[in-house]
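Summary of structural features
Letter by letter, the chains look like this.
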Amino acid sequence: QLERRRQGLVEPYEITLLRPDGSGVTCINSPAPIYDDDGTHVGSIGLWTDVSELKRANRELVAAERRAQEASRAKSEFLSTMSHELRTPLNAILGFAELLEADADDPLTAPQQERVRFITGAGRHLLALITDVLDLARIETGAIDLDLAAVAVGPVVAECVRLVDGIAARREIIVDVHDAGSTTVVADLVRLRQALLNLLSNAVKYNVVGGAVCVEVTSQAGGTVRISIDDTGPGIEPELAARIFEPSDRLGAERGEIEGTGIGLSITKQIVELMGGSIGLESEVGSGSRFWIDLPGA
Ligand code: ADP
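The following refers to the structure shown.

Procedures and definitions
Residues numbered from 1 in each chain as written. Predicted model: local features only at pLDDT ≥ 70, side-chain atom pairs only at ≥ 80, totals over all residues. Heavy atoms only, no water. Patch = residues over 30% accessible without salt bridge, like charges linked within 9 Å, V, L, I, M, F, W, Y side chains within 5 Å. Areas by Shrake-Rupley, 256 points an atom, 1.4 Å probe, with all protein chains shown as cover. Salt bridge = Lys/Arg side-chain N within 4 Å of Asp/Glu carboxyl O. Helix = DSSP H or I, 4+ residues; strand = E, 2+ residues; numbered from the N terminus. Buried < 20%, exposed > 50% of the residue type's maximum accessible area, 1.4 Å probe, protein only. Pairing = 2+ DSSP bridges. Axes fitted to C-alpha atoms, helices over the stretch in contact; angles between N-to-C directions. Left-handed = near helix turned anticlockwise from the far one by under 90°. Contact = heavy atoms within 4.5 Å. Nonpolar A, V, L, I, M, F, W, Y, C, P; charged D, E, K, R; others polar. Near = heavy atom within 4 Å. Polar contact = N/O pair within 3.5 Å; in protein donor to acceptor, adjacent residues only side chain to side chain. Phe/Tyr/Trp six-rings, centres within 6.5 Å; stacked < 30°, edge-to-face > 60°. Lys NZ or Arg CZ within 6 Å of the ring centre and 35° of its normal.

**Focus on a nonpolar patch on the surface**
Among the surface-exposed residues, Ile34, Val42 and Ile45 lie close enough to one another that they form a single nonpolar patch of about 260 Å² accessible area. With respect to the secondary-structure elements, valine 42 resides in strand 3 (residues 41-50).

Rendered as structure tokens:
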């Protein structure tokens, strides 16, 4: 091997050389053989490149990346444990508040009822937040198992539409489905339902009274399937749209009446991406929004 190196007959290799003071220099040697006109091997050229600095920077980068990943995992694990711990006392608060509301033997006065309604309302909101934070933390730590299989889109869409029918009817919003036919995608059924339900309930929640929602399923070039959900809501400003998939950004909706946690869309984005798909939106202020999910066709 040494002889072959001397003759320049080997691939570039890494070697640590020692300086007289004992310190090491990591080099890459790129040897090349030299032949004379007859093709006889007469020697070799060795080009030695000092890569010590590059190696050191690389080691630091790897270490920094590992530290960042560990910090992120620790954060997600903390959130996940905290969410569990918070749920137990919260369920007690909700449970006892509901008992107060429902106690026929000892009925509450009207003002008391009003106050207890605040407790249950705030409690339910907190529970929704905790559930979403826990779900997001689970997704971020990779603690969810996806069961990817061929899923028929039509029945899932129909099921989600049925689930939002109630709030849609109360706000006189018509939800229309353009025939999904027999289109199938590769997805986890439960998580696909969760993603669609979030987009659909947003399309209803952030819509105008008497508005419309339209679900459309189309096969795209390249074998992907697009499920898009159009609404006739207020639309989303481009600068707000840019951060809409970030957790806990309600884009000002926190000041309004509509209930929400601001985490739904970031969960939706993560699960869609875990399933090998992508999510996006187009929106025009004043006329409505279209959210879409692209998934690999089955
Ligand atoms: P939530 O609805 O729980 O607040 P999301 O993550 O689902 O959380 O949505 C984040 C924010 O994006 C909402 O608070 C709302 O301001 C905005 N948004 C989502 N969907 C729509 C929509 N279809 N039309 C207008 N605004 C929307």
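**Observations concerning the pairing of strand 8 (residues 224-231)**
Across the 8 residues of strand 8, 6 count as buried, placing the element largely inside the fold. Connecting strand 7 (residues 212-219) to the next strand, strand 8, in antiparallel fashion are 4 residues, including glycine 222 with a positive phi near 90°. When strand 8 meets strand 10 (residues 288-296), the two strands line up antiparallel, connected through 7 bridges. Each residue of the ladder has a partner; that of isoleucine 227, found in strand 10, is isoleucine 293.

**Some points on the packing of helix 4 (residues 153-170) against helix 5 (residues 189-205)**
The contact between helix 4 and helix 5 brings their axes to 9 Å, and the two run at 35°. When the axes of helix 4 and helix 5 are compared, the crossing they make is right-handed. Contact residues: helix 4 offers Val156, Val157, Glu159, Cys160, Val161, Leu163, Val164, Ile167 and Ala168, while helix 5 offers Leu189, Leu192, Arg193, Leu196, Leu197, Leu200, Ser201 and Val204. Each residue belonging to the contact of helix 4 with helix 5 can be placed in one class, and the counts come to 14 nonpolar, 1 polar and 2 charged.

**Brief notes about the packing of helix 5 against helix 7 (residues 264-274)**
One way to put it is that helix 5 packs onto helix 7 with a least axis distance of 9 Å and a crossing angle of 145°. When you trace helix 5 past helix 7, the crossing you get is left-handed. Between helix 5, through Arg191, Gln194, Ala195, Asn198, Leu199 and Asn202, and helix 7, the contact on the second element is made entirely by Gly264, Leu265, Ile267, Thr268, Ile271 and Val272. The residue inventory of the contact of helix 5 with helix 7, partitioned by class, reads 6 nonpolar, 5 polar and 1 charged.

**A short note on helix 7**
Working note: α-helix, 3.6 residues per turn, so residues spaced by three or four point in the same direction. Every buried residue of helix 7 is accounted for by Gly264, Leu265, Ser266, Ile267, Thr268, Ile271 and Val272. Looking at the buried side of helix 7, the elements it contacts are helix 3 (110-140), helix 5, strand 9 (278-284) and strand 10. A positive phi of about 85° marks glycine 276, the residue just after helix 7.

**Considerations on the site of the ligand**
Within the structure, the ligand sits among 19 residues, and Tyr206, Asp231, Arg250, Thr261 and Leu265 are positioned closest to it. Note that an oxygen atom of the ligand is positioned 2.8 Å from one of the side-chain N or O atoms of asparagine 202. At 3.3 Å, a backbone N or O of glycine 264 approaches an oxygen atom of the ligand. Computed on the free molecule, the ligand has an accessible area of 540 Å², of which 95% lies beneath the protein chains in the complex.

**Quick notes on the packing of aromatic side chains**
Inspection of the entire model under this criterion finds 0 aromatic pairs. Geometry around tryptophan 292 places arginine 226 over its ring, the cationic atom sitting 3.8 Å from the centre.

**Observations concerning the environment of leucine 281**
One can find leucine 281 in strand 9. Leucine 281 sits in the partly exposed class, given a relative accessible area of 21%. For the pair leucine 281 and isoleucine 236, spaced 45 residues apart in sequence, the C-alpha to C-alpha distance is 9.5 Å. In this structure leucine 281 touches Ile236, Ala241, Ile244, Phe245, Arg290, Phe291 and Trp292, once residues within four positions along its chain are discounted.

**Brief notes about the pattern of salt bridges**
As enumerated under the stated definition, the model contains 13 salt bridges in all. Notably, a salt bridge pairs glutamate 114 with arginine 117, separated by 3.5 Å at the nearest N-O pair. Of this pair, glutamate 114 and arginine 117 both sit in helix 3, separated by 3 residues, roughly a single helical turn. By relative accessible area, which is 40% here, glutamate 114 ends up partly exposed. Of the residues examined, arginine 117 reaches a relative accessible area of 45% and is grouped as partly exposed. We note a salt bridge from arginine 290 to aspartate 230, for which the minimum N-O separation is 2.9 Å. Taken together, the residues arginine 290 in strand 10 and aspartate 230 in strand 8 connect sequence positions 60 residues apart. Each of the salt bridges in this network shares a partner with another, and the network as a whole consists of Glu53, Arg56 and Glu60.

Function cannot be inferred from these measures alone, as they are strictly geometric.
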